[in-house]
Amino acid sequence: MTKPLVLKNITKAYQDGKEKRIILDDVNLELDKGEIIAILGPSGSGKSTLLSIIGCLLSADGGELHLDGDLVTVKNAKEWTKRRRDYLGFIFQNHHLLPYLTIIDQLKMVAKMTKSSVSQADLLALLTELGIPDCANSYPKDMSGGQKQRAAIARAFVGNPSLILADEPTASLDEARGRQIAELLRKEVKAKQTAAILVTHDERILDVVDKIYRLKDGKLVLE
Ligand SMILES: Nc1ncnc2c1ncn2[C@@H]1O[C@H](COP(=O)(O)OP(=O)(O)OP(=O)(O)O)[C@@H](O)[C@H]1O
């Protein structure tokens, strides 16, 4: 079975004055379809760096990144954009919704960009699954933080990506809403058999994930 993500011996270092600081030191990771994992680690441990490499936003110094069986070697930005569109969905700490489009129009735009043949009814069904059918024609400014994050999850799933990358998706929400968002994410991952990586400091949501990894001293370790 093709895995949504395989990382082999990923390395990354940054120049710090005259010194080279190793941030990722032979990181290996595999995800199966329908698997949701969390990556924890103290501030500065390299979580964003790792997520950026997986998200085709930053090149590794060494190692291999395979998305859905496709080896991503090209450093050409056009190829990266295509990889992001074909394989990935992103969820950020602060929703990143467009202020000037209604939610349904934002979903339609992603459907068009990813060339996926979803109907308006499919998109409305997705919003219903996420508990915000009434927000279809709303603008982000008229929605609560939790509703916006639900819309951001919906947007990440449009186009059926094989892997969702979520960077601190609950950080801007209170405990109850944070949990609801994490549980919804898990439900969608399982229903759609997408894989997902949650980078988080939020230890309260760790029971929704299948596996917990910690990034420490450049190494990714399974708990
Ligand atoms: N472009 C860069 N040039 C030099 N150093 C960098 C660069 N980007 C990140 N770093 C350093 O690499 C280390 C890892 O940063 P990264 O942002 O990946 O950590 P993080 O675990 O995501 O932290 P946080 O939880 O605070 O977001 C940090 O020490 C940071 O200062």
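Everything numeric in this text was worked out from a predicted model, so none of it was measured.

Asker: How should the pattern of salt bridges be read in this particular structure?
Answerer: Side chains that differ in charge, positive against negative, can pair when their charged atoms come close. A complete count under the given rule lists 22 salt bridges for this structure. Note that Asp174 and Arg177 form a salt bridge whose closest N and O atoms lie 2.7 Å from each other. With a relative accessible area of 41%, Arg177 lands in the partly exposed category. Ionic pairing is found between Arg179 and Asp207, a salt bridge with its closest N-O pair at 3.1 Å. A residue pair is termed long-range when its members are at least 10 positions apart, and Arg179 in helix 6 (residues 175-192) and Asp207 in the loop between strand 8 (195-199) and strand 9 (211-216) qualify at 28 residues. Residue Arg179 is classed as partly exposed on the basis of its relative accessible area, which comes to 23%. You can call Asp207 exposed: its relative accessible area is 56%.

Asker: So what exactly am I meant to see when it comes to helix 1 (residues 47-54) here?
Answerer: An α-helix turns once every 3.6 residues. As a result, residues three or four positions apart point the same way. With six of its eight residues buried, helix 1 lies for the most part within the structure. All buried positions along helix 1 are accounted for by Lys47, Thr49, Leu50, Leu51, Ile53 and Ile54.

Asker: Can you help me understand the packing of aromatic side chains in this one?
Answerer: For any two aromatic rings, the description comes down to two numbers: the centre-to-centre distance and the angle of the planes. Under the defined criterion, the tally for this structure stands at one aromatic pair. Ring geometry for Phe90 versus Phe92: centroids 6.1 Å apart, planes at 5°, classification stacked. Judged by its relative accessible area of 29%, Phe92 falls in the partly exposed class. Geometry around Phe157 places Lys192 over its ring, the cationic atom sitting 6.0 Å from the centre.

Asker: What should I look at first to understand the pairing of strand 9 in this one?
Answerer: Within a regular beta strand, the side chains point alternately toward one face of the sheet and then the other, so they alternate between its two faces. Sheet analysis places strand 3 (residues 36-40) next to strand 9, joined by four bridges and oriented parallel. Its bridge partner being in strand 9, Ile39 is matched across the sheet by Tyr213. Across four bridges, strand 9 lies against strand 10 (residues 219-222) in antiparallel orientation. Bridge pairing in strand 10 places Lys216 opposite Lys219. The hairpin turn running from strand 9 into strand 10, its antiparallel successor, is two residues long, and Asp217 in that turn takes a positive phi close to 50°.

Asker: How do you make sense of the nonpolar core when you look at a structure like this?
Answerer: The nonpolar side chains of soluble globular proteins are, as a tendency, buried together. In terms of nonpolar packing, the biggest core is built from 38 residues, with Leu127 and Leu185 touching the most fellow members. For this core, the secondary-structure elements that each account for two or more residues are strand 3, helix 3 (103-113), helix 4 (120-129), helix 5 (145-157), strand 7 (163-167), helix 6 and strand 8. Excluding residues that lie within four positions of it along the chain, Leu185 makes contacts with Ile36, Ile91, Ile153, Phe157, Ala166 and Leu198. The next biggest cluster of nonpolar side chains, apart from the first, holds 31 residues, and it includes Ala60, Val72, Ala195 and Tyr213.

Asker: I keep staring at the sheet that holds strand 3 and nothing clicks. Help me out?
Answerer: Within a sheet, adjacent strands bond to each other through the backbone by hydrogen bonds, running parallel or antiparallel. Judged by pairing direction, the sheet is mixed, and its six strands sit side by side in the order 6-7-8-3-9-10 without closing on themselves. Single-partner strands in this sheet number two, and they are strand 6 (88-91) and strand 10. When strand polarity is set aside, the average angle formed by the axes of neighbouring strands in this sheet is 20°. Note that strand 3 and strand 8 share four bridges and pair parallel.

Asker: Whenever I open this one, the packing of helix 3 against helix 5 confuses me. Can you help?
Answerer: The packing of two helices is summarised by the inter-axis angle and the distance between the axes. Helix 5 packs onto helix 3 with a crossing angle of 20° between their chain directions and a minimal axis gap of 9 Å. Viewed along their axes, helix 3 and helix 5 adopt a mutual orientation that is roughly parallel. Remark: the crossing between helix 3 and helix 5 carries right-handed chirality. Seen from helix 3, the contacting residues are Ile103, Gln106, Leu107 and Val110; seen from helix 5, they are Ala151, Ala154 and Arg155.

Asker: Please explain unusual backbone geometry as it appears in this structure.
Answerer: Where the residue is not glycine, phi is negative for most of them; where a peptide bond is considered, it is trans in most cases. Even without being glycine, Asn9 reaches a positive phi, approximately 50°. Tracing the chain through its elements places Asn9 in strand 1 (residues 5-16).

About the cut-offs
- Residues numbered from 1 in each chain as written.
- Predicted model: local features only at pLDDT ≥ 70, side-chain atom pairs only at ≥ 80, totals over all residues.
- Heavy atoms only, no water.
- Salt bridge = Lys/Arg side-chain N within 4 Å of Asp/Glu carboxyl O.
- Buried < 20%, exposed > 50% of the residue type's maximum accessible area, 1.4 Å probe, protein only.
- Helix = DSSP H or I, 4+ residues; strand = E, 2+ residues; numbered from the N terminus.
- Phe/Tyr/Trp six-rings, centres within 6.5 Å; stacked < 30°, edge-to-face > 60°.
- Lys NZ or Arg CZ within 6 Å of the ring centre and 35° of its normal.
- Pairing = 2+ DSSP bridges.
- Core = buried A, V, L, I, M, F, W, Y, C linked by side-chain atoms within 4.5 Å.
- Contact = heavy atoms within 4.5 Å.
- Axes fitted to C-alpha atoms, helices over the stretch in contact; angles between N-to-C directions.
- Parallel < 35°, antiparallel > 145°, perpendicular 65-115°, else oblique.
- Left-handed = near helix turned anticlockwise from the far one by under 90°.

In short, shape yes, function no, at least from these values alone.
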